[in-house]
Amino acid sequence: MTVVTTQPDIPQVERSPVQPTMAKIALIGNPNSGKTSLFNQLTGLNQKVGNFPGVTVDKKTGYSQLTPKLKAQIIDLPGTYSLYPKSLDERVIIDLLYDPASKHYPDIVIVTADASNLKRNLLLFSQLADLLIPSVLALNMVDVAEQEGVKIDIPALQKELGVPVIPMNARKGLGVAALKIVMSQQLEATKATFFEVPAELKSLLQDIKSRFSLNNDYLALQYAHHYKSLKFLSEQDVAWMDALLQETGFHSITQQANETVARYTRINEMLLDIVRVEKADKAEKFSNRLDQVLTHKVFGYLIFFTILFLIFQAVFAWASYPMDLIDLGIANLNLLIQENFEGPLVNLLTEGVIAGLGGVLIFVPQIAVLFAFIAILEETGYMARVTFMMDKIMRKFGLNGKSVVPLISGVACAVPAVMSARTIENWKDRMITIFVTPLMSCSARIPVYTVLIALVVPEKYYFGFLNLQGLVLMALYLIGFLAALFSALLLKTILKARERSYFIMEFPVYKMPRWKNVGLTIVEKSKAFVFEAGKVIVAVSIILWVLASYGPGDNFKEARQKALAEAQAQNLSEVQTENRIASYQLESSYAGIVGRSIEPVIRPLGYDWKIGIALLTSFAAREVFVGTMSTIYSIGEEENVSTIQNKLRTEKNANGDPFFTPARAFSLMIFYLFAMQCVSTLAIVRRETKSWQWPLAQLLYMSGLAYVMAFITYQVFS
Amino acid sequence: MRKTEEERQGQKSVRDLKIGESGVICGLNDPEMGLKLLEMGCIPGTEVKLNSRAPFGDPITIIVNDYTLSLRLDEAETILLK
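For clarity, every value in this text was computed on a predicted model and none was experimentally measured.

Visitor: Explanation requested: the overall build of chain B in the structure shown.
Guide: Looking only at helices and strands, chain B features three helices and five strands. Counting helices and strands in the order they occur from the N terminus, chain B gives α-β-α-β-β-β-α-β. In chain B, which comprises 82 residues, the share counted as buried stands at 44%. Partitioning the intrachain contacts of chain B with sequence separation of at least 6 by distance along the chain shows that 55% fall at a separation of at least 24.

Now the structure itself:
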């Protein structure tokens, strides 16, 4: 038997006074074990994600009222099969669990386990149990397992494991109340041991234990495996470990393999009398039959592309109703304010703040519709089939079947998409995926596309339902996707591989989506967008309004006089005079000066200095383009033109023809398709790649590509 | 459970299974990937069945311990069968 001195003296000191404050509970489990559902059941809307929205990447925390008096903080950890992380995602777990001194160290862990896969789920549980952290086993989908003929003797299981076992169905919310009651009690770590540390390692572990004052052999063993990636160890500690392990000939991979086999043997023996299987194989058979169609070499791809097409039509057509309402609402609000109040502050409010806010809110319907689809595809298990079908093709381009998820998520927003690339274990595949993902047309490009498409593409229907504008939009998405693929191919030849590429993953059974999870995803993404991108957009709108309304020195003041004098000489009407004044003022404003100075560079693309201003201001976030255009063109319009489309439509060139010709509009769309106009993406890429090289290379590559492609487009169309 | 080069020669692997055919795992010949496979339940002595192939023949899905895993052919090749 392993000499495991039980709990008393370790971090217990920290743990006991926790009850009066707030218990910290970590939620951990295999992927697809219902962990996210349970987290949502426990916390509801009372949850927050880190700075950037990500699926399971960032540490999600939330609060749960266990009893009327007791509240607990719940930390959702990424899904994992063991305490030996295979990807960056899973590394979060060891950072949290191996540092008892940390203030985030959990008081209790809830281990979620899928009842129909108990054996594999218990592997992780047994490792946590050996770390002597008080735990509860949330045995999920017991009812479903029973229907499939898997019977579990729960009292016996509880006795063997030595911790409370709560049968539940997290999707339906069954058993959550019981779990809360159990968690509100003072829990202790199990007395059962699931793995005996090999005798030959005893003295090595003794050394580690005494150096780091640990009281647990298994934790000491984990230090030996993970010391290089444990953030809380000092350089001296790491050097000391290096020397020690060198000396004792510790071989991590062999030890891990032996441990896993030993644990499975122990679990198999334990479950012999506990789990009885009279399998009907219903769900699996149904899934398999469905897969014969959904992953078929013809129908599979046909269905996949139909789904993609449906998504684009939905984003464009369905979302347009709430968007029109928002657009109109903002326009009416501005009109109302302008009619009733006067002064420079009113202009700041209407032309700066409210115009900017409108530019943010208008996206929400599209983001909601898009994320509803993505969440449903993930929830049902279809996303895994997409990965499965696409792997061989994607590999040809230096990508990975798993790259499909970041690439498709990139259609919504590159920020969470780049983060979701963490699930790709292979360095090279991951870097390529991150590099090309921003080329996928994200939702921030939608307003640029939709405004310009509505301007130059007629609203025509073919066969009664194929919207021509929708088709053009789809073509733009396709170009982005192809650009991503070919850029990946280019990088594949440049980058050198550091390790082999893995694909092994669990193939989930088809399920009905959990609507609560879908709803929460929509809320989370929309919120993240409004607050993350919204700040930038509103701030830039205000700065821009100031830049466009004021100018340096006498030139700005003289602009008015000059315009007035000209108007008098040419006998212009009152509206035309005002128009002339505003346009001269804009030209001599700060914004005009910047815009003019870059005009020579962008003229080959068909752009004038007004568009130049928009290009500059939307460098931080491309959706700002629309806001900027709206602000620039609301200064000096002929009458009160309300919507952005109308503002652009009334813009005339020197000859009095419409300024926004198809050539100009398409050149702009292509520019925004390729250009990296997003500070948030650059920031997240730096964070994910841990270097400035990658985001800088991306910025140069994408901007260069955008310039060349927009140039070609303008020359071809005009 | 790791096999040497000679032992691997001519040894049957999951790659050689036909759809619907089963075999019993006797070893994993790639230590690092072996760890991942072990954790997912591909323990020597376990029965494994080839369930389906992707449209272009690769990747494949296998059934181990009543659940389905998907993996590439070159990964399947490292799971040796009796």
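Visitor: Would you take a moment to explain the overall build of chain A for this structure?
Guide: When helices and strands are counted, chain A shows 32 helices and twelve strands. Long-range pairs, those at least 24 residues apart, make up 74% of the contacts in chain A between residues at least 6 apart in sequence.

Visitor: I keep staring at the pairing of strand β1 (residues 22–28) of chain B and nothing clicks. Help me out?
Guide: Looking along a regular strand, one sees the side chains alternate between the two faces of the sheet. Residue and element names in this part refer to chain B. Of the strand pairs in this sheet, β1 and strand β2 (residues 47–53) are connected by three bridges, and their pairing is antiparallel. Bridged to Ser 22 within β2 is Lys 49. Where β1 and strand β5 (residues 79–81) come together, three bridges link them in antiparallel fashion. For Ile 25, the partnering residue across the bridge sits in β5 and is Leu 81.

Visitor: Would you explain the interface of chain A and chain B in this entry?
Guide: Bring the parts together and some accessible area is lost; that lost area is often taken as the interface size. The interface of chain A with chain B comprises 29 residues on the first partner and 29 residues on the second. Where the side of chain A that touches chain B is concerned, the elements lending two or more residues are α4 (118–130), α11 (252–271), α12 (282–294), α17 (382–396) and β12 (505–506) of chain A. Among the elements that make up the side of chain A that touches chain B, the one with the highest residue count is α11(A) (six residues). In terms of residue class, the side of chain A that touches chain B is made up of 14 nonpolar, seven polar and eight charged. Sheet topology places β12(A) next to strand β4 (residues 67–71) of chain B; two bridges connect them, and they run antiparallel. Across the sheet, the residue bridging to A:Met505 is B:Ser70, located in β4(B).

Visitor: Sorry if this is basic, but what is going on with α17(A) here?
Guide: Three- or four-residue spacings in an α-helix give side chains the same orientation, since the helix completes a turn every 3.6 residues. Residues and elements named next belong to chain A. Counted at 1.5 Å a residue, the expected span for α17 with its 15 residues is 21 Å, and the 22 Å between its end C-alpha atoms agrees. In α17, a bend of some 50° at Met 390 exceeds every other bend along the element. Downstream of α17 by one or two residues, Gly 398 has phi in the positive range, about 80°.

Visitor: Help me out: how do you make sense of the nonpolar core in this one?
Guide: A general trend in soluble globular proteins is that nonpolar side chains are found buried together. A:Val111, A:Leu137, A:Ala138, A:Leu370, A:Leu452, A:Met669 and B:Cys42 are the most contacted members of the largest nonpolar core, which totals 197 residues. Ignoring sequence-local partners within four residues, the contact set of A:Ala138 consists of A:Leu38, A:Ile110, A:Val111, A:Thr112, A:Ala113, A:Ile166, A:Met168 and A:Leu179.

Visitor: What exactly am I supposed to notice about unusual backbone geometry here?
Guide: Most peptide bonds take the trans form, and the phi angle of most residues other than glycine is negative. In this structure, B:Pro59 follows B:Asp58 across a cis peptide bond, with omega equal to 0°. By the element assignment, B:Pro59 lies in the loop between β2 and β3 (60–64). The backbone of A:Asn32 sits at a positive phi, close to 65°, despite the residue not being glycine. Residue placement: A:Asn32 occurs in the loop between β1 (23–29) and α2 (35–43). With 21 C-beta atoms packed within 10 Å, A:Asn32 lands in the buried category.

Visitor: Would you explain the confidence of the model for chain B in this entry?
Guide: A low pLDDT score tells you not to read the predicted coordinates there in detail. All names here are of chain B. When pLDDT is averaged along chain B, the result is 86; 89% of the residues meet or exceed 70. When the criterion is pLDDT under 50, residues 1–6 qualifies, and its contacts beyond four places in sequence or with other chains add up to eleven contacts. The ipTM for the predicted assembly is 0.86, set against a pTM of 0.75.

Visitor: When you look at the pairing of β3(B) in this model, what are you seeing that I'm missing?
Guide: Residues and elements named next belong to chain B. Where burial is concerned, most of β3 is hidden: four out of the five residues are buried. In terms of strand pairing, β2 meets β3 through five bridges, oriented antiparallel. Bridging across to β3, Ser 52 finds its partner in Thr 61. When β3 meets β4, the two strands line up antiparallel, connected through five bridges. Within the sheet, the bridge partner assigned to Ile 63 lies in β4 and is Thr 68. Turn length for the β3-β4 hairpin, with the two strands adjacent in sequence and antiparallel, is two residues, and the turn residue Asn 65 shows positive phi of about 50°.

Visitor: When you look at the sheet that holds β3(B) in this model, what are you seeing that I'm missing?
Guide: Note: strands within a sheet are paired through backbone hydrogen bonds, in either parallel or antiparallel orientation. With respect to topology, six strands assemble into an open sheet ordered β12(A)-β4(B)-β3(B)-β2(B)-β1(B)-β5(B), the strand pairing being antiparallel. Two strands lie at the open edges of the sheet, namely β12 of chain A together with β5 of chain B, each paired on one side alone.

Visitor: Is there a simple way to explain α2(A) in this structure?
Guide: Residue and element names in this part refer to chain A. For α2, a buried count of nine out of nine residues is recorded, marking the element as mostly surrounded by other parts of the structure. Every buried residue belonging to α2 is among Lys 35, Thr 36, Ser 37, Leu 38, Phe 39, Asn 40, Gln 41, Leu 42 and Thr 43, and all of these are buried. In the stretch just after α2, Gly 44 is the one whose phi turns positive, near 60°.

Visitor: In this structure, what is going on with the packing of helix α22 (residues 468–494) of chain A against helix α30 (residues 662–674) of chain A? I would like to understand it.
Guide: Between two packed helices, what matters for the description is the angle formed by their axes and the separation of those axes. Residue and element names in this part refer to chain A. Where α22 contacts α30, the axes come no closer than 10 Å and their chain directions differ by 40°. As the angle between them shows, α22 and α30 are arranged oblique. Here the hand of the crossing between α22 and α30 comes out right-handed. Contacts from Leu 476, Ile 479, Gly 480 and Ala 483 in α22 reach Met 669, Leu 673 and Phe 674 in α30. When its residues are assigned to classes, the contact of α22 with α30 shows six nonpolar, one polar and no charged.

Visitor: What is the right way to look at the environment of A:Val411 in this model?
Guide: All names here are of chain A. By the element assignment, Val 411 lies in the loop between α18 (404–409) and α19 (414–420). Residue Val 411 is classed as buried on the basis of its 25 C-beta neighbours within 10 Å. On a C-alpha basis, the gap between Val 411 and Cys 442 in space is 4.3 Å, while along the polypeptide they are 31 residues apart.

Visitor: Is there a simple way to think about the packing of helix α21 (residues 445–456) of chain A against α22(A) in this case?
Guide: Residues and elements named next belong to chain A. As a packed pair, α21 and α22 sit with axes 10 Å apart at the nearest point and diverge in direction by 135°. Between α21 and α22, the crossing angle belongs to the class labelled oblique. Every pair of crossing elements has a handedness; the one defined by α21 and α22 is right-handed. The residues of α22 that touch α21, namely those facing Tyr 449, Ile 453 and Ala 454, are Gln 469, Val 472, Leu 473 and Leu 476. Of the residues in the contact of α21 with α22, the class split is six nonpolar, one polar and no charged.

Visitor: Help me out: how do you make sense of the confidence of the model for chain A in this one?
Guide: Residues and elements named next belong to chain A. Mean pLDDT over chain A stands at 82; residues scoring 70 or higher make up 89%. Confidence drops under pLDDT 50 across residues 1–19; counting only partners more than four residues distant or on other chains, this segment forms 22 contacts. In the model, residues 635–641 has pLDDT below 50 throughout and makes 16 contacts with residues more than four positions away in sequence or in other chains.

Visitor: Looking at this model, I keep getting lost on the environment of B:Leu80. Mind explaining?
Guide: Note on placement: B:Leu80 falls in strand β5. Each C-alpha atom, one on B:Leu80 and one on B:Lys12, is 6.0 Å from the other, the two residues being 68 residues apart in sequence.

Visitor: Hey, could you run me through the environment of A:Leu294 in this one?
Guide: Take A:Leu294: it is sitting in helix α12. Once residues lying within four places of it in the same chain are set aside, the contact partners of A:Leu294 are A:Gly300, A:Ile303 and A:Arg385.

Reading the values: the criteria
Residues numbered from 1 in each chain as written. Chains lettered and ligands numbered in written order. Predicted model: local features only at pLDDT ≥ 70, side-chain atom pairs only at ≥ 80, totals over all residues. Helix = DSSP H or I, 4+ residues; strand = E, 2+ residues; numbered from the N terminus. Buried ≥ 20, exposed ≤ 12 C-beta atoms within 10 Å, placed from the backbone. Contact = placed C-beta atoms within 7 Å. Pairing = 2+ DSSP bridges. Nonpolar A, V, L, I, M, F, W, Y, C, P; charged D, E, K, R; others polar. Expected span 1.5 Å × (residues − 1). Bend = angle between axes of the 7 residues up to and from the residue. Core = buried A, V, L, I, M, F, W, Y, C linked by C-beta atoms within 7 Å. pLDDT = per-residue confidence, 0-100. Axes fitted to C-alpha atoms, helices over the stretch in contact; angles between N-to-C directions. Parallel < 35°, antiparallel > 145°, perpendicular 65-115°, else oblique. Left-handed = near helix turned anticlockwise from the far one by under 90°.

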